[in-house]
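Below, each chain spelled out in residue letters.
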Amino acid sequence: MNSEDFNREFIAVKDSAYRYAITLLHDRHAAEDAAQDLYERLWRRRILIRATGFRPLVMTSMRNLCLDRLRSQRRGGVRLDIAAADKRPSAAEYDAVESAETGTLVRRIVETLPQREREVMHLRDIEGMEIEQIAGITGSTEQSVRMALSRARCRVKEELIKIMNHGL
């Protein structure tokens, strides 16, 4: 892949990779660093990269890079605070206050999901990726991805109903 093709392909997928990094790292600055590091690493190997399958390559590489960073933080005794996770507004920019509050509630509920379910839900519902692509990125089977996605959606729905019904 030549330089122009690489830049064009990376620009097309960089926002998705960045959002995915935020989901994994829970830190906007760390996600920016990860996206920059990924670009640099892929840039050095651009001659070996094929244009087909570029998006799954970037997303898989971003996942691996973020997991490596999380592992190194854990070894260093640094603990991530999920409550301090990046609270970015949705792309739709809610029109009503009620919608904004509901969106905040959903994000908080998603943050409490197990890592795998949160990751699968992000890739499918936010990034719009196909089940087989997610299975390739996460290194699992399509069936396990479907199960994790189903569990995540069910948990979010149940928790949201509990909150909306004031625990009744």
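Because the structure is predicted, anything quoted here is derived from the model rather than measured.

A. Expanded view of the nonpolar core. If you look at the biggest cluster of nonpolar residues, it comprises 43 residues, and the most contacted ones within it are Phe54, Val58 and Met62. Listing elements by their share of this core, those giving two or more residues are helix 1 (3-25), helix 2 (28-44), helix 3 (54-75), helix 4 (97-111), helix 5 (115-126), helix 6 (131-138) and helix 7 (142-164). The dominant element in this core, judged by the number of residues it contributes, is helix 1, at 10 residues.

B. Broad picture of the pattern of salt bridges. Applying the stated criterion across every chain yields a total of 13 salt bridges. A salt bridge links Glu130 to Arg124; its shortest N-O distance comes to 3.9 Å. Classification of Glu130 by relative accessible area gives partly exposed; the value is 41%. On the basis of relative accessible area, Arg124 is assigned to the partly exposed category, the value being 27%. A salt bridge links Asp125 to Arg153, with the nearest nitrogen and oxygen atoms 2.4 Å apart. Of the two residues, Asp125 sits in helix 5 while Arg153 sits in helix 7, which places them 28 residues apart along the sequence.

C. View of unusual backbone geometry. Unlike most non-glycine residues, His26 shows phi in positive territory, near 60°. Within the secondary structure layout, His26 lies in the loop between helix 1 and helix 2. Exposure remark for His26: the relative accessible area of 11% places this residue in the buried category.

D. The confidence of the model for the chain, seen in detail. For the chain, the average pLDDT comes to 80, and 85% of its residues sit at 70 or higher. Within the chain, the lowest mean pLDDT, 78, falls on helix 4, and the highest, 91, falls on helix 6.

E. Expanded view of helix 3. With 22 residues, helix 3 extends 32 Å between its outermost C-alpha atoms, agreeing within 8% with the 32 Å of an ideal straight helix rising 1.5 Å per residue. Listed as buried for helix 3 are Phe54, Val58, Met59, Ser61, Met62, Arg63, Leu65, Cys66, Leu67 and Leu70. Where helix 3 is buried, its residues contact helix 1, helix 2, helix 5 and helix 6.

F. A look at the packing of helix 1 against helix 3. Packing of helix 1 against helix 3 leaves a shortest axis separation of 9 Å and a crossing angle of 35°. Viewed along their axes, helix 1 and helix 3 form a crossing whose handedness is right-handed. On helix 3, the residues touching Phe6, Glu9, Phe10, Val13, Ser16, Ala17, Tyr20, Ala21, Leu24 and Leu25 of helix 1 are Phe54, Arg55, Val58, Met59, Met62, Arg63, Cys66, Arg69 and Leu70. Along the lines of polarity and charge, the residues of the contact of helix 1 with helix 3 split into 14 nonpolar, 1 polar and 4 charged.

Parameters at a glance
- Residues numbered from 1 in each chain as written.
- Predicted model: local features only at pLDDT ≥ 70, side-chain atom pairs only at ≥ 80, totals over all residues.
- Heavy atoms only, no water.
- Core = buried A, V, L, I, M, F, W, Y, C linked by side-chain atoms within 4.5 Å.
- Buried < 20%, exposed > 50% of the residue type's maximum accessible area, 1.4 Å probe, protein only.
- Helix = DSSP H or I, 4+ residues; strand = E, 2+ residues; numbered from the N terminus.
- Salt bridge = Lys/Arg side-chain N within 4 Å of Asp/Glu carboxyl O.
- pLDDT = per-residue confidence, 0-100.
- Expected span 1.5 Å × (residues − 1).
- Contact = heavy atoms within 4.5 Å.
- Axes fitted to C-alpha atoms, helices over the stretch in contact; angles between N-to-C directions.
- Left-handed = near helix turned anticlockwise from the far one by under 90°.
- Nonpolar A, V, L, I, M, F, W, Y, C, P; charged D, E, K, R; others polar.

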